[in-house]
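A structural walkthrough
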Amino acid sequence: MKRLLAAITMIAGGLTGVLGTAHAEPVHAIAMHGEPALAADFDHFPYVNPDAPKGGKVTYGVVGSFDSVRPFIVRSMRTAARGVVDPEFGNLVYETLMQRSQDEPFTLYGLLAETVEWDEARSFIQYNINPKARWSDGEPVTADDVIFTMELLRDKGRPPYSTRLNRVAKMEKVSDLSVRFTFNEDSNREFPLILSLSPVLPRHATDPETFDQSTLEPGIGSGPYLISEIKPGERITFQRRDDYWAKDLPIKRGIDNYDQIAVEYFLSETAQFEAFKKGVFDVYPDGSATNWSRGYNFPAVAAGDVVRKEYDRKTPSGMYGFVFNTRRPFFQDVRVRKALTMLFDFKWANRSLYDNTYTRTHSFWDGSDLSSYGKPADAREREILARFPEAVSADILDGTWRLQETDGSGRDRKVSRAALTLLQEAGYRIEAGKLLDQAGKPFSFALMTQNEGQEKLAVAFQRSLAALGIDMQIRTVDDAQYQQRSQTFDYDMIMKAFTSSLSPGTEQINRWGSASRDREGSFNFAGAASPAIDATIDAMLNARTAEDFRSSVRAFDRVLLSGHYVIPAFHLGKSWVAHRSHIAAPDGDPPLYGYYLPAWWDKSAKP
């Protein structure tokens, strides 16, 4: 396939040389599949209030610390300040070429790039910079800035920015405000959209020599805010720019409403919630079923000063659970991973710890049409998987697979016997109440957890494993150590959440692809390295129709489930958020991807 694509690229390149530069009509938006929902003359996104008042302030609260305001480098990968470039709070300082709609699976609308040009084969993309675009010091944003940024991130940036030019055959300046990227045989149909989400940095105000060093010196950006105050590790404050170049664009109407945005840092989730109760910050997304049902008996709620909101989720569940580090020898046998998966008693934990709030997760895309759970593989899936007959279990392929269900007692003997059978097949035996391997060494490993919530679930799992002679030690570490050890894969087992969207793509390579297995800083926490995984991701990235895309994602889902890389825990069908009553959100249902904080505003702001 790659040889064929290479030949096509060469032919296309030859024709370009004969006929001149390939031409395409400029468009205001691009979509992964189908057409953008909004026409070129749209007035605003449907999930914002275009008349939201400007002014006031909001303070967010997060767990962790920060020592840098440069989020694009390896040294700041886990410790960069929130808000500088942020999918939750907004890209406040630096902007991307295009902006993603929150109400479509994967559609981008022009931001720094006023329009783009591409062809049906997606062999190139050209960005035409908005002539109004300006840096915060008044200098114009140009094609030179785009080229400079791409080369700088390639040389000194962190993944995924550092690898984006790997799929580019040629990057060329077409004019002062236009730059074209022609792709090579390693590209795919999603890559032009991924490239469009790249940030742009000012060439005239960025020092390449020191770029890979952490810094707390505020930089010059094109975004709607400037950093106004920094208290290292504690607080960062942003002030809205009155001269922001894009404030009147349709994609910015009803967004960036606060005059001031601050982010407060806390050492733990407990400290974070206690601070929210006291009014230290304004918005608290709550992911704890126990806390949501039991934690809001405090004066501000009774007085109406805190508002609680519950939204139905419209997106896939994602996967939260216990992740095996298959780099460890004792987790390399899939039978061992499958046996331990059977021993997690979800039914007991859900009832005893969470008031039966959660739903067991059976797929990385549970709750969506992309999930393989309960569905037999279609012809296209079987075609994708044909070269890997051992990669998918028969019951997962035919749609009859179910996670082992216990009796909810916390010690289901029938399930324990079935798990022990698998462990015995893998060479283990029980002696004197301990599970031993073939060399007589006890089966013992450590689970790294990050907070009290994870630790509570871990203790329940620990008890189930102990009943079969397995020694699982629980190591709860602070946020800095958790991030550092995650980045270097220094753990036996870890609790992680893999988010899922309706348009999975290149990010899956960094999570599951063979190339990311040994690359520190990747999100391949399981250490997966499977030709079947690589092939299904490739099929997904190159699907041309919505039907082929769905089939390729389902095939990918089946391979991941069959590998038992994660012990699935649970998910919520809802999202919860509490906020101070002076903070307001647009009326009606939130967009496809959930409530969107950059579109909220301060009701106390003066018109």
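How each quantity is defined
Residues numbered from 1 in each chain as written. Predicted model: local features only at pLDDT ≥ 70, side-chain atom pairs only at ≥ 80, totals over all residues. Heavy atoms only, no water. pLDDT = per-residue confidence, 0-100. Contact = heavy atoms within 4.5 Å. Helix = DSSP H or I, 4+ residues; strand = E, 2+ residues; numbered from the N terminus. Axes fitted to C-alpha atoms, helices over the stretch in contact; angles between N-to-C directions. Parallel < 35°, antiparallel > 145°, perpendicular 65-115°, else oblique. Nonpolar A, V, L, I, M, F, W, Y, C, P; charged D, E, K, R; others polar. Phe/Tyr/Trp six-rings, centres within 6.5 Å; stacked < 30°, edge-to-face > 60°. Buried < 20%, exposed > 50% of the residue type's maximum accessible area, 1.4 Å probe, protein only. Pairing = 2+ DSSP bridges. Core = buried A, V, L, I, M, F, W, Y, C linked by side-chain atoms within 4.5 Å. Arc of directions from axis to C-beta. Polar contact = N/O pair within 3.5 Å; in protein donor to acceptor, adjacent residues only side chain to side chain. Salt bridge = Lys/Arg side-chain N within 4 Å of Asp/Glu carboxyl O. Patch = residues over 30% accessible without salt bridge, like charges linked within 9 Å, V, L, I, M, F, W, Y side chains within 5 Å. Areas by Shrake-Rupley, 256 points an atom, 1.4 Å probe, with all protein chains shown as cover. Lys, Arg positive; Asp, Glu negative; His and termini not counted. Charge placed at Lys NZ, Arg CZ, Asp CG, Glu CD. Left-handed = near helix turned anticlockwise from the far one by under 90°. 1 Å grid on protein atoms, 1.4 Å probe; cavity = no way out; pocket = protein on both sides within 12 Å on 5 of 7 lines; lining within 4 Å. Points joined across faces, edges and corners; volume = space filled by probe spheres on them.

1. Topic: the confidence of the model for the chain
A low pLDDT score tells you not to read the predicted coordinates there in detail. The pLDDT averaged across the chain works out to 93; a share of 96% of its residues lies at or above 70. A low-confidence stretch, residues 1-21 (pLDDT under 50), is modelled with nine contacts involving residues beyond four sequence positions or located in other chains.

2. Some thoughts on unusual backbone geometry
Going from P159 to P160, the amide bond is cis rather than trans, its omega being 5°. Turning to its location among the elements, P160 is positioned in the loop between α2 (143-156) and β7 (168-175). A positive phi angle is found at R122, which is not glycine, with a value near 55°. For R122, the location among the structural elements is in the loop between β5 (113-118) and β6 (124-129). Of note, D256 is a non-glycine position whose phi angle comes to about 60°, a positive value. By the element assignment, D256 lies in the loop between β10 (235-240) and β11 (260-266).

3. Description of the packing of helix α7 (residues 334-342) against helix α11 (residues 413-425)
Direction vectors running N to C along α7 and α11 enclose 170°, while the axes themselves pass 8 Å from each other. Considering the angle they form, α7 stands roughly antiparallel to α11. Contacts from R335, V336, K338, A339, L340 and M342 in α7 reach V415, A418, A419, L422, L423 and E425 in α11. Here the contact of α7 with α11 is composed, by residue class, of nine nonpolar, no polar and three charged.

4. Looking at the packing of aromatic side chains
Throughout the structure, instances matching the rule amount to 48 aromatic pairs. Measuring from ring centre to ring centre gives 6.3 Å for F331 and F443, while their planes differ by 65°; the resulting arrangement is edge-to-face. With a gap of 112 residues between them, F331 in the loop between β14 (319-324) and α7 and F443 in the loop between β17 (434-436) and β18 (444-449) connect regions that are remote in the sequence. Per residue, the accessibility class of F331 equals that of F443, and both read buried. Residues F344 and F461 carry aromatic rings whose centres are separated by 5.9 Å and whose planes lie at 85° to one another, so their mutual orientation is edge-to-face.

5. Let's talk about the sheet that holds strand β21 (residues 566-568)
Read across the sheet, five strands follow the order β19-β18-β20-β14-β21 without closing on themselves; strand pairing throughout is mixed. Because the sheet does not close on itself, it has two edges, and the strands there are β19 (471-476) and β21. Going across the sheet, the axis of each strand differs from the next one's by a mean of 35°, ignoring polarity. Examined bridge by bridge, β14 and β21 share three bridges and lie antiparallel to one another. Across the sheet, G321 pairs through a bridge with P568, a residue of β21. In this fold helix α12 (residues 452-466) packs onto β14, β18, β19, β20 (493-498) and β21, with an angle of close to 170° to the strand it touches most, β19.

6. Concerning the nonpolar core
By size, the foremost hydrophobic cluster in this structure holds 55 residues, and its most contacted members are L340, L457 and M493. If you look at the next biggest cluster of nonpolar residues, it comprises 46 residues, including A29, M32, F42 and V48.

7. Focus: helix α4 (residues 269-277)
For α4, the complete set of buried residues consists of Q272, F273, A275 and F276. Taken end-on, α4 shows its buried residues confined to a sector of 160°, consistent with a single buried face. Tucked inside the fold, the buried residues of α4 contact β2 (57-63), β11, β12 (283-286), α5 (289-294), β13 (306-312) and β23 (574-580). In the segment just after α4, G279 is the residue with positive phi, at about 85°.

8. A look at the environment of T359
Within the element layout of this structure, T359 appears in strand β15 (residues 359-360). For T359 and A569, which are 210 residues apart along the polypeptide, the C-alpha to C-alpha distance reads 8.6 Å. Setting aside chain neighbours within four positions, we find T359 in contact with F346, A569, F570 and H571.

9. Focus: the side chain of Q126
Inspection of the secondary structure puts Q126 in strand β6. Among the polar contacts listed, one links the side chain of Q126 to the side chain of N128, at a separation of 3.0 Å.

10. Regarding the pattern of salt bridges
Evaluation of the coordinates by the stated rule reveals 26 salt bridges. For the salt bridge of D333 with R335, the shortest nitrogen-to-oxygen distance reads 2.8 Å. Judged by its relative accessible area of 22%, D333 falls in the partly exposed class.

11. Quick word on the pairing of β2
In terms of burial, β2 is largely enclosed, as five of its seven residues are buried. Note that β2 and β11 share seven bridges and pair parallel. By the bridge assignment for β11, K57 is matched with Q260.

12. Points about a positive patch on the surface
Residues R411, R413, K414, R417 and R463 make up a contiguous surface patch of positive charge. The greatest single-element share of the positive patch, amounting to three residues, is contributed by α11. Classification of R413 as exposed rests on a relative accessible area of 60%.

13. Observations regarding the packing of helix α8 (residues 346-354) against α12
Put simply, α8 and α12 touch, their axes get as near as 11 Å, and they point 135° apart. Classified by the angle between their axes, α8 and α12 sit oblique to one another. Pair α8 / α12 crosses with right-handed handedness. Here W348, A349, L353 and Y354 of α8 come into contact with α12, specifically with G453, K456, L457, A460 and R463. Looking at the contact of α8 with α12, its residues break down into six nonpolar, one polar and two charged.

14. Digging into empty space enclosed by the protein
Enumeration over the complete set of coordinates arrives at six cavities of 30 Å³ or more. Taken as a whole, the largest cavity spans an internal volume of roughly 90 Å³. Taken together, M342, L343, D345, T406, G410, R411, D412, V415, S416, S464 and A467 form the lining of the largest cavity. Looking at the lining of the largest cavity, its residues break down into four nonpolar, four polar and three charged. Approximately 70 Å³ is the volume attributed to the second largest cavity. Around the second largest cavity sit M319, T341, F364, W401, L403, L560, L561, H564, V566 and P568, which together line it. Looking at the lining of the second largest cavity, its residues break down into eight nonpolar, two polar and no charged.

15. So, the sheet that holds β5
As summarised here, the arrangement of the four strands in space is β5-β6-β8-β7, forming an open sheet in which the pairing is antiparallel. At either margin of the open sheet sits one strand with a lone partner, and together these are β5 and β7. Direction aside, neighbouring strands of the sheet carry axes that sit 15° apart on average. In this sheet, strand β8 (residues 178-183) lies alongside β7 in antiparallel orientation, the contact comprising six bridges. Its bridge partner lying in β8, S175 is registered against S178. Its contacts with the sheet place α2 against β6, β7 and β8, and it is angled at close to 160° to β7.

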